[in-house]
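One-letter residues, chain by chain:
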Amino acid sequence: MAGAKIIKKRIASVKNTRKITRTMEMVATAKSKKLVDRVKAAQPYALKLQDIMRSVSDVGDRIDSPYLRTEEHPHTVAVLIVTANRGLCGGYNSNVLKLARAQIQILESEGKRVDVYAIGKKAVSYLRFVKIPTKQAWTNFDDNFSYEQVDALAEQFMAAFRNRQYDLIKVISTIYYSAGSQRPGLTQLLPIGLAGAISDKAIKPRAGSETATLTGPVIFDPAPEVIAQRILPLAVKTTLYRALLEAVTSEQIYRRIAMKNATDAAGEMNRLLTRKYNRSRQGGITQELLEIVAGADAI
């Protein structure tokens, strides 16, 4: 019965693991639902800001803003990689890091100087492992991050762009398209365009909502140039905020799916081990009966 005892211990271990993964699945489900609501709540503001930027895009050549500066051949590029602080979320971190490494290699092959910034412990440890130097890293962006944190981070990148430290700033993160589709992608943070100041990926009006479209002559007060200059910093911050919000939302969705798969796998393993244990126990009982019968016959 020594084999049956070992199997019984494995069954107990699998049951305990299943409890943990099931709990983590429930927590991730609750967090993902909350974060999806935050993504949807941010849509009206982003949509309205996008409409305003498009309406003043005709005066783009008269706007003197450092955030519109474009270089035909950018030489210095900043890349912000957004990952999670924890694992157990399927291919969430690995997919982003694979895309980030490929983009860095492409930019360097084009002769550009690339400075890498990282959000999340997983990005920090990976970049250290592959010996890619990190300019700066942050590990305080979790699913409860605030707009104030994004505001400070955006101001830092905006100042670097204004001072011509970088010609191009990109964000590599997981983009949320829907509850069933999240994929790693690239978002250009700076320079920002007037017509497409806010990326319209995953920004869709809710069913039954009304969207106002400006038609005919429009009178602006203050002037369109003043409006654009005031809104451009908000557009940069909103773009970064949406990128981080979609990233943490996707992380929780990936974790929920990973933990559900682990829970299902533990349940299947428990079923197979239970069957194996019953067979081993039945074999042991049969062996004992045979020994008792053989002893009785000998007597």
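Up top you'll find the structure we're talking about.
What counts, and where the lines are drawn
- Residues numbered from 1 in each chain as written.
- Predicted model: local features only at pLDDT ≥ 70, side-chain atom pairs only at ≥ 80, totals over all residues.
- Heavy atoms only, no water.
- Helix = DSSP H or I, 4+ residues; strand = E, 2+ residues; numbered from the N terminus.
- Expected span 1.5 Å × (residues − 1).
- Buried < 20%, exposed > 50% of the residue type's maximum accessible area, 1.4 Å probe, protein only.
- Arc of directions from axis to C-beta.
- Axes fitted to C-alpha atoms, helices over the stretch in contact; angles between N-to-C directions.
- Parallel < 35°, antiparallel > 145°, perpendicular 65-115°, else oblique.
- Left-handed = near helix turned anticlockwise from the far one by under 90°.
- Contact = heavy atoms within 4.5 Å.
- Nonpolar A, V, L, I, M, F, W, Y, C, P; charged D, E, K, R; others polar.
- Salt bridge = Lys/Arg side-chain N within 4 Å of Asp/Glu carboxyl O.
- Phe/Tyr/Trp six-rings, centres within 6.5 Å; stacked < 30°, edge-to-face > 60°.
- Lys NZ or Arg CZ within 6 Å of the ring centre and 35° of its normal.

## Structural notes on unusual backbone geometry
Next, step 1: Omega for the peptide link from Leu190 to Pro191 comes to -5°, which places this bond in the cis form.
Next, step 2: Relative to the elements of secondary structure, Pro191 occurs in the loop between strand E5 (181–190) and helix H5 (224–298).
Next, step 3: The backbone phi angle of Leu88 is positive, close to 55°, even though this residue is not glycine.
Next, step 4: The residue Leu88 is located in the loop between strand E1 (76–82) and helix H2 (92–109) in this model.

## Points about H2
Next, step 1: Here H2 spans 26 Å end to end across 18 residues, near enough to the 26 Å set by a 1.5 Å rise per residue.
Next, step 2: The complete set of buried residues in H2 reads Tyr92, Asn93, Val96, Leu97, Ala100, Gln103, Ile104 and Leu107. For H2, the angular spread of the buried residues around the axis is 130°, confining them to a single face. Within H2, the exposed residues directed more than 90 degrees away from the buried face are Lys98 and Ser109.
Next, step 3: Positive phi shows up at Gly111, right after H2, with a value of about 85°.

## Focus: the packing of H2 against helix H3 (residues 121–129)
Next, step 1: Viewed as axis vectors pointing N to C, H2 and H3 meet at an angle of 50°, and their least axial separation amounts to 11 Å. Considering their axes alone, H2 and H3 lie oblique with respect to each other. For the crossing formed where H2 meets H3, the hand is right-handed. Here Asn93, Leu97 and Arg101 of H2 come into contact with H3, specifically with Lys122, Ala123 and Tyr126.
Next, step 2: Each residue belonging to the contact of H2 with H3 can be placed in one class, and the counts come to three nonpolar, one polar and two charged.

## A word on the pattern of salt bridges
Next, step 1: Taken as a whole and judged by the stated rule, the model has 14 salt bridges.
Next, step 2: With a closest N to O distance of 2.7 Å, Lys112 and Glu110 form a salt bridge.
Next, step 3: Residue classification places Glu110 among the partly exposed residues on the basis of a relative accessible area of 49%.
Next, step 4: Lys260 is paired through a salt bridge with Asp264; the nearest N and O atoms lie 3.1 Å apart. With Lys260 and Asp264 both in helix H5 and four residues apart, this pair spans about one turn of that helix.
Next, step 5: Through salt bridges with shared partners, a single network forms among Arg69, Glu71, Arg164 and Asp167.

## Regarding the packing of aromatic side chains
Next, step 1: What the rule picks out here adds up to eight aromatic pairs.
Next, step 2: Geometrically, the ring pair formed by Tyr117 and Phe157 is edge-to-face, given 5.1 Å between the ring centres and 75° between the ring planes. Residue Tyr117 is found in strand E2 (residues 113–119), and its partner Phe157 is found in helix H4 (residues 147–162); the two are separated by 40 residues along the sequence.
Next, step 3: On the accessibility criterion, Tyr117 (5% relative accessible area) is buried.
Next, step 4: Relative to Tyr241, the ring of Tyr147 has its centre 5.5 Å away and its plane inclined at 65°; by these criteria the two rings are edge-to-face. Of this pair, Tyr147 sits in helix H4 while Tyr241 sits in helix H5; the two residues are 94 residues apart in sequence, bridging distant segments of the chain.
Next, step 5: The partly exposed category is assigned to Tyr147, whose relative accessible area is 32%.
Next, step 6: One aromatic cluster in this structure is built from Tyr117, Trp138, Phe157 and Tyr166.
Next, step 7: For the cation-ring pair, Arg38 lies above Phe145, with the distance from its terminal atom to the ring centre recorded as 5.2 Å.
Next, step 8: Arg183 extends its terminal NZ or CZ atom over the ring of Tyr177, reaching a point 4.4 Å from the ring centre.

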